[in-house]
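One-letter residues, chain by chain:
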Amino acid sequence: MSEREAGHADLHEFHARGRDRLIVALDFPSASAAEALVWQLGDVVSFYKIGLELTVAGGLDLAADLIGAGKKVFLDLKLHDIGNTVERATAAAAEKGISLLTVHAYPQTMAAAARGAAGSDLKVLGVTVLTSYDDADLAKAGYGASVTDTVRLRAGQAREAGIAGCICAPTDAAMVRAILGPDRLVVTPGVRPAGAEVGDQKRIATPAAAIGAGANMIVVGRPILAAPDPLEAARSIVAELAGA
Ligand SMILES: O=C(O)c1cc(=O)[nH]c(=O)n1[C@@H]1O[C@H](COP(=O)(O)O)[C@@H](O)[C@H]1O
């Protein structure tokens, strides 16, 4: 269904469906720059990702402000350390009212994060294989398996660890959905509206294709942040997601 086909009564629901599928990555060097974008996007966006760059520039205080203002926050720290450290860091994130937290999809790490999040509303996502990697990049990093086989293995291990879901490329989403089943989360970065600049991403698809392949939510950074009109770019992606 397109925006045009949705009747007046359905329009609110149509936009809400699109909005619930979009996470905007606040990849900024300062909290004030991130705040300015949040202000600009207003009610069009309800879920924000705070990653490595913003975390070291006041991102955790901003996370508290966003949560206080009724937004959801995805803390993208991609944790990977000894179990004790991962468990404690995850428990600390859970206490802050964060909705989503990433860890690298290694069995020990995911099991520790599952323990840290137990009894809280925090959902842990395992990063399978980064969307900037292809088979040659994995080989260079010392792995013998292809991207597809590695994602398949790690998605299965995420399910066994009992975490909430996985981060994967939209091109892997159908396979990961089949492994995780209908109740876990599949979240895909590496999303580019048709014609958008690809940048350093290697395994990409459009917003509608990502949802069509089984993603619950997509993560979008530069196609909104670097757009001449970020609000218009976000609106257009929300409409595409709502119709998918
Ligand atoms: O965990 C992530 O969010 C993530 C995993 C991954 O495999 N690839 C990936 O791009 N990301 C993040 O998703 C965002 C994508 O940003 P853009 O490429 O600008 O849309 C960035 O904040 C990345 O850190």
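Summary of the structure given here. (Residues numbered from 1 in each chain as written. Predicted model: local features only at pLDDT ≥ 70, side-chain atom pairs only at ≥ 80, totals over all residues. Heavy atoms only, no water.)

Let's shift gears to the packing of helix α7 (residues 147–161) against helix α8 (residues 173–180). Geometrically, a packed helix pair is captured by the angle between its two axes and the distance between the axes. Their axes nearest at 9 Å, the elements α7 and α8 cross at an angle of 30 degrees. With respect to each other, α7 and α8 are oriented roughly parallel. The element α7 and its partner α8 pack so that their crossing is right-handed. Across the interface between the two elements, T148, V151, R152, A155, G156 and R159 of α7 pack against M175, V176, I179 and L180 of α8. Split into classes, the residues belonging to the contact of α7 with α8 amount to six nonpolar, two polar and two charged. (Axes fitted to C-alpha atoms, helices over the stretch in contact; angles between N-to-C directions. Helix = DSSP H or I, 4+ residues; strand = E, 2+ residues; numbered from the N terminus. Parallel < 35°, antiparallel > 145°, perpendicular 65-115°, else oblique. Left-handed = near helix turned anticlockwise from the far one by under 90°. Contact = heavy atoms within 4.5 Å. Nonpolar A, V, L, I, M, F, W, Y, C, P; charged D, E, K, R; others polar.)

Bringing helix α11 (residues 230–243) into the picture now. With 14 residues, α11 extends 20 Å between its outermost C-alpha atoms, agreeing within 8% with the 20 Å of an ideal straight helix rising 1.5 Å per residue. Residues of α11 that are buried: P230, L231, A233, A234, I237, V238, L241 and A242. Buried residues along α11 cover an arc of 170 degrees about the axis, so they all sit on one side. (Expected span 1.5 Å × (residues − 1). Buried < 20%, exposed > 50% of the residue type's maximum accessible area, 1.4 Å probe, protein only. Arc of directions from axis to C-beta.)

Contact geometry for helix α2 (residues 31–41) and helix α3 (residues 52–68): axes closest at 8 Å, N-to-C directions at 40 degrees. In terms of axis orientation, α2 runs oblique to α3. Where α2 approaches α3, its residues A31, A34, E35 and V38 are matched on the opposing element by L54, A57, G58, L62, D65 and L66. Residues of the contact of α2 with α3, tallied by class, amount to seven nonpolar, one polar and two charged.

So, on to the packing of aromatic side chains. A complete count under the given rule lists zero aromatic pairs for this structure. It is K49 that lies over the ring of F74; its NZ or CZ is 5.9 Å from the centre. (Phe/Tyr/Trp six-rings, centres within 6.5 Å; stacked < 30°, edge-to-face > 60°. Lys NZ or Arg CZ within 6 Å of the ring centre and 35° of its normal.)

What follows concerns the site of the ligand. Within the structure, the ligand sits among 16 residues, and D27, K49, T131, R192 and R222 are positioned closest to it. In the environment of the ligand, an oxygen atom lies 2.7 Å from a nitrogen or oxygen atom belonging to the side chain of D27. Within the contact set of the ligand, an oxygen atom lies 3.0 Å away from a side-chain nitrogen or oxygen of K78. Burial of the ligand by the surrounding chains reaches 90%, relative to a free accessible area of 500 Å². (Near = heavy atom within 4 Å. Polar contact = N/O pair within 3.5 Å; in protein donor to acceptor, adjacent residues only side chain to side chain. Areas by Shrake-Rupley, 256 points an atom, 1.4 Å probe, with all protein chains shown as cover.)

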